[in-house]
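Working through the structure, step by step
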Amino acid sequence: MNLGVKMKQVYILIVFLLIQLIHAEEAVINELNDAWDKLEQTVSNGDFRSFKSLYHRDAVLVNGITKSSYSIKKALEGWKQGFADTKSGKSTANLDVRFSERLYDQFTAHESGIFHYYIINQNGDRNDTYIHFESLWVKKNNKWIMMMEYQKSKTDETEWNTL
């Protein structure tokens with residue numbers, strides 16, 4: 001084989017590998033987006049059990065607003081009533097997420113951004129909250145689960161709209 005044929009084969013192999021890498025990255029982002037979509041849907045539906053399943057049982061919530069850190073189990077205990085109220089129709093809740101940075105490989109992810117959570121109570125009063133967050137995910141048994149949620153600080157709609 002001459003040098004020109006070998007170079008073409010190497011070039012084709014490199015192109016093939018790059019295409020595979022691009023598709024693998026797209027697959028990971030799509031999987032992470034699916035996990036976030038599920039998280040958002042569980043909040044809107046008041047589906048506490050499904051919401052809880054998106055966190056590792058040993059996950060940690062870091063709260064930069066109150067300067068504290070505790071188990072997700074403790075955080076879930078505090079959030080459970082809100083889910084029950086949403087599920088029963090006493091309130092309406094919604095969660096949206098926008099990202100400023102997404103770092104990941106096939107089995108781990110660290111994401112930063114802002115989440116917008118709002119609740120509308122029985123009186124029709126709406127309470128909007130915007131929070132800078134970071135999350136740490138791992139993929140176990142073909143499922144993305146959150147290991148750490150860091151609610152860094154409060155922000156506002158203006159900053160939300162920049163993402």
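For the structure, see preceding data.
The structure displayed is predicted, hence computed values, not measured ones.

Further remarks concern the environment of Asn123. Position of Asn123 relative to the elements: it lies in the loop between strand 4 (108-120) and strand 5 (126-140). Along the sequence, Asn123 and Lys90 sit 33 residues apart, while their C-alpha atoms lie 9.4 Å from each other.

Below, the discussion takes up the layout of surface pockets. As a volume, the largest pocket reaches approximately 630 Å³. Around the largest pocket, the lining is made up of 29 residues, and of these Trp79, Phe115, Tyr117, Glu149 and Gln151 lie nearest the centre. For the lining of the largest pocket, the secondary-structure elements that each account for two or more residues are helix 1 (3-45), strand 1 (55-63), helix 3 (72-88), strand 3 (92-104), strand 4, strand 5 and strand 6 (143-155). Among the elements that take part in the lining of the largest pocket, helix 3 stands out by supplying 6 residues, more than any other. Grouping the constituent residues of the lining of the largest pocket by class yields 20 nonpolar, 7 polar and 2 charged. Roughly 190 Å³ of volume is contained in the second largest pocket. Around the second largest pocket sit Phe48, Lys52, Ser53, Tyr55, His56, Arg57, Ile72, Lys73, Leu76, Glu77 and Lys80, which together line it.

Note: strand 1 against strand 6, 5 bridges, orientation parallel. By the bridge assignment, Leu61 is partnered in strand 6 with Glu149. In this sheet, strand 2 (residues 68-71) lies alongside strand 1 in antiparallel orientation, the contact comprising 4 bridges. Across the sheet, residue Leu61 finds its bridge partner in strand 2, namely Tyr70.

Attention now moves to the pairing of strand 5. The sheet contact formed by strand 4 and strand 5 spans 13 bridges and is antiparallel. In the strand pairing of strand 5, Glu111 is matched with Ser135. Hairpin geometry of strand 4 and strand 5 is characterised by an intervening segment of 5 residues between the two adjacent antiparallel strands and by a positive phi of about 90° at Gly124. In the sheet, strand 5 pairs with strand 6 via 11 bridges, with the strands oriented antiparallel. Its bridge partner lying in strand 6, Lys139 is registered against Trp144.

Rules behind the numbers
Residues numbered from 1 in each chain as written. Predicted model: local features only at pLDDT ≥ 70, side-chain atom pairs only at ≥ 80, totals over all residues. Heavy atoms only, no water. Helix = DSSP H or I, 4+ residues; strand = E, 2+ residues; numbered from the N terminus. 1 Å grid on protein atoms, 1.4 Å probe; cavity = no way out; pocket = protein on both sides within 12 Å on 5 of 7 lines; lining within 4 Å. Points joined across faces, edges and corners; volume = space filled by probe spheres on them. Nonpolar A, V, L, I, M, F, W, Y, C, P; charged D, E, K, R; others polar. Pairing = 2+ DSSP bridges.

By themselves, these observations are geometric and do not establish any function.
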